[in-house]
Amino acid sequence: MASHWAHFYQKSYQERLKLVATFAGLTPEQLADLKTDNREIFDHLIENYLADYPLPEGVVTNLKINGQSYVVPLVTEEPSVIAAANNGSQLLASGEGILGKVDQRLLGGQVILKDVSNVQKLQRLIVNQQVKLLKIADQSHPQILKHGGGAKSLTLRSLNAHFWSVDLLVDPGEAMGANLINTMLEALADEFRSLGCQVTMAILSNAADQSLVQVVGKVPVSRLSRAKMAGQEVAQRISDASQVAQIDPYRAVTHNKGIMNGVDAVVMATGNDWRAVESAVHAFAVKDGQYRGLSTWQLKGEFLVGQMTLPLPIGVVGGATSVLSMAMVNKKIIGINHVSELMQVAAGIGLAQNLAALKALVTEGIQKGHMSLQMRSLAMANGATEAELPMVVKRLRKIDHPNSTTVAKILNELRK
Ligand SMILES: CC(C)(COP(=O)([O-])OP(=O)([O-])OC[C@H]1O[C@@H](n2cnc3c(N)ncnc32)[C@H](O)[C@@H]1OP(=O)([O-])[O-])[C@@H](O)C(=O)NCCC(=O)NCCSC(=O)C[C@@](C)(O)CC(=O)[O-]
Ligand SMILES: NC(=O)C1=CN([C@@H]2O[C@H](COP(=O)(O)OP(=O)(O)OC[C@H]3O[C@@H](n4cnc5c(N)ncnc54)[C@H](OP(=O)(O)O)[C@@H]3O)[C@@H](O)[C@H]2O)C=CC1
């Protein structure tokens, strides 16, 4: 990680802005985008527009994937998430960094049929007229062919005695593809209606289990030592925590929430559909019938090795990724042009977040780090001014379990 990023969080706001703008080569207009309201765009983006709802955006400055370093914007309202992602990224970068890969990106969708009169006949038609049917899909959205994508396969699947699903797989190019596949599915639905089928509906599936990203991270055990705990012991305890998330759904849910603290923050920052991502990820977590942690950590000799596979229905073009000026600025800061790279960056941030969370949990506990960063929020929520923050936070850090009453007492003393 280049030295000018070191202790980024200890620099002033202006210094941080200047460093990121210079690093990403932002134009003056793009730099201005980091601070303007968006009424004229948002009034056309959603219905009944009323106001902007700004959320904080920070950056992780030291993510290393496949030997490349990234500065990654994260949008989140939760204190300590960005600190954790920085912490985990730094630990992973101290080893060989993260290795990532995306084998294929296909988005799925379905035309739901009811009470098919002759299943064998329909099955034969779908097989024998596959080329014609895929052409109907492509012709409904010809632009996608220009971008190297298109409809790839159509198969029939029984759901129960009454319902069938005609499953379509589409290569959406660099887009997430929901709008484009829905257009294709509605064209196919019309075709099946013309063949005498009862069509219930046509809609994409957010399962995205044909758009998987895999990340593997290795941390030298020596980097994990903490206070009185040797690195080997911390590594073993992280591995134990990982095993618990595999056997207990009750734990797995929070283990995965920690991962999604990072993933969602990148998905939001790049204008992607985080509801689609959340649906896909949690469905994938229960793919074998039991809800399990999405990542595993194992002690292998001198390294703690983490691995994770995630479905990520996201894009780098289309939808809000091409409408929100901040999404475009953030894609420039990350420096990505291909969606497979963005998938690896988002998953890498999720793995880093998970490592930092587990390390905190199995050593000093989550509250020490979390609450020390939460102090500013607690102070501001209870009336501390910008000028009073440093003194209030300094005093809060010396108190066990501070609360709003503690803040009121400190402010009373300061304001006498
Ligand atoms: C909070 C830390 C990082 C402190 O960690 P620490 O080791 O006490 O602090 P440190 O001063 O030694 O800093 C270590 C590194 O953390 C980063 N770091 C440190 N401070 C900052 C900061 N202010 N801003 C940005 N980055 C920061 C930074 O990279 C720093 O390296 P340095 O630059 O000093 O060489 C650690 O305790 C941690 O990672 N905790 C996990 C916090 C977390 O996961 N928060 C999410 C909310 S809790 C949750 O929802 C997830 C969870 C826990 O439920 C998931 C689960 O159950 O699995
Ligand atoms: N998750 C869900 O369940 C649903 C999500 N959505 C929303 O749909 C949106 C995503 O759908 P999507 O189809 O991506 O949206 P868009 O239709 O906005 O984006 C796809 C379009 O991007 C253009 N494009 C430019 N370059 C490329 C490229 N390299 N590869 C592919 N397309 C390219 C193409 O149009 P052209 O060639 O004309 O430029 C293409 O048709 C999101 O806003 C999402 O919230 C909608 C319904 C449901």
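Before any of the text, the structure's been laid out above.
Here the structure is a predicted model, which is why all the values come from computation and not from measurement. (Residues numbered from 1 in each chain as written. Chains lettered and ligands numbered in written order. Predicted model: local features only at pLDDT ≥ 70, side-chain atom pairs only at ≥ 80, totals over all residues. Heavy atoms only, no water.)

J.: Even after reading the chapter, I still don't get the site of ligand 2, so can you show me in this structure?
T.: Of all residues adjacent to ligand 2, which total 23 residues, the nearest are His141, His147, Gly177, Asn206 and Gly319. Met176 is positioned with one of its backbone polar atoms (N or O) 3.4 Å from an oxygen atom of ligand 2. Contributing elements (two or more residues each) for the shell around ligand 2: helix H7 (143-146) and helix H8 (178-194). Per element, the largest residue contribution to the shell around ligand 2 is four residues, and it comes from H8. For the shell around ligand 2, the per-class residue count stands at 10 nonpolar, 10 polar and three charged. (Near = heavy atom within 4 Å. Polar contact = N/O pair within 3.5 Å; in protein donor to acceptor, adjacent residues only side chain to side chain. Helix = DSSP H or I, 4+ residues; strand = E, 2+ residues; numbered from the N terminus. Nonpolar A, V, L, I, M, F, W, Y, C, P; charged D, E, K, R; others polar.)

J.: Even after reading the chapter, I still don't get the site of ligand 1, so can you show me in this structure?
T.: Close to ligand 1 lie 28 residues; Tyr9, Ser80, Arg226, Arg251 and Lys257 are nearest. Asn261 has a polar side-chain atom sitting 3.1 Å from an oxygen atom of ligand 1. Across the complex, the protein chains shield 80% of the 1100 Å² of accessible surface that ligand 1 would expose by itself. Counting residues per element, the ones that place at least two in the shell around ligand 1 are helix H4 (81-93), helix H10 (249-269), helix H13 (339-362) and helix H14 (366-381). A per-class count over the shell around ligand 1 returns 11 nonpolar, 12 polar and five charged. (Areas by Shrake-Rupley, 256 points an atom, 1.4 Å probe, with all protein chains shown as cover.)

J.: Which parts of the structure should I look at to understand helix H9 (residues 231-247)?
T.: Quick reminder: α-helices carry 3.6 residues per turn. Residues three or four places apart thus point the same way. The end-to-end C-alpha distance of H9, which contains 17 residues, comes to 25 Å, matching closely the 24 Å that a straight helix rising 1.5 Å per residue would cover. Burial in H9 covers these residues: Gly231, Val234, Ala235, Ile238, Ser239, Ala241, Ser242, Ala245 and Gln246. Along H9, the residues classed as buried sweep out an arc of 155 degrees about the axis, all on the same side. Tucked inside the fold, the buried residues of H9 contact H10, strand E9 (295-300), strand E10 (303-311) and H13. (Expected span 1.5 Å × (residues − 1). Buried < 20%, exposed > 50% of the residue type's maximum accessible area, 1.4 Å probe, protein only. Arc of directions from axis to C-beta. Contact = heavy atoms within 4.5 Å.)

J.: Please clarify how the sheet that holds strand E4 (residues 107-114) should be interpreted in this entry.
T.: If you walk across this open sheet you meet the four strands as E5-E6-E4-E7, and the pairing is antiparallel. The strands lining the two open edges of the sheet, one partner per strand, are strand E5 (150-158) and strand E7 (198-204). Strand-to-strand, the axes of this sheet are offset by a mean angle of 20 degrees, without reference to chain direction. Here helix H5 (residues 119-128) sits on the sheet in contact with E4, E5 and strand E6 (163-171), set at roughly 165 degrees to E5. Its contacts with the sheet place H8 against E4, E5, E6 and E7, and it is angled at close to 165 degrees to E7. (Pairing = 2+ DSSP bridges. Axes fitted to C-alpha atoms, helices over the stretch in contact; angles between N-to-C directions.)

J.: Would you mind going over the pattern of salt bridges with me for this structure?
T.: A side chain of one charge can pair with a side chain of the opposite charge when the charged atoms of the two come close. As enumerated under the stated definition, the model contains 10 salt bridges in all. Notably, a salt bridge pairs Arg275 with Asp273, separated by 3.4 Å at the nearest N-O pair. Overall, Asp273 belongs to the partly exposed group, its relative accessible area being 28%. (Salt bridge = Lys/Arg side-chain N within 4 Å of Asp/Glu carboxyl O.)

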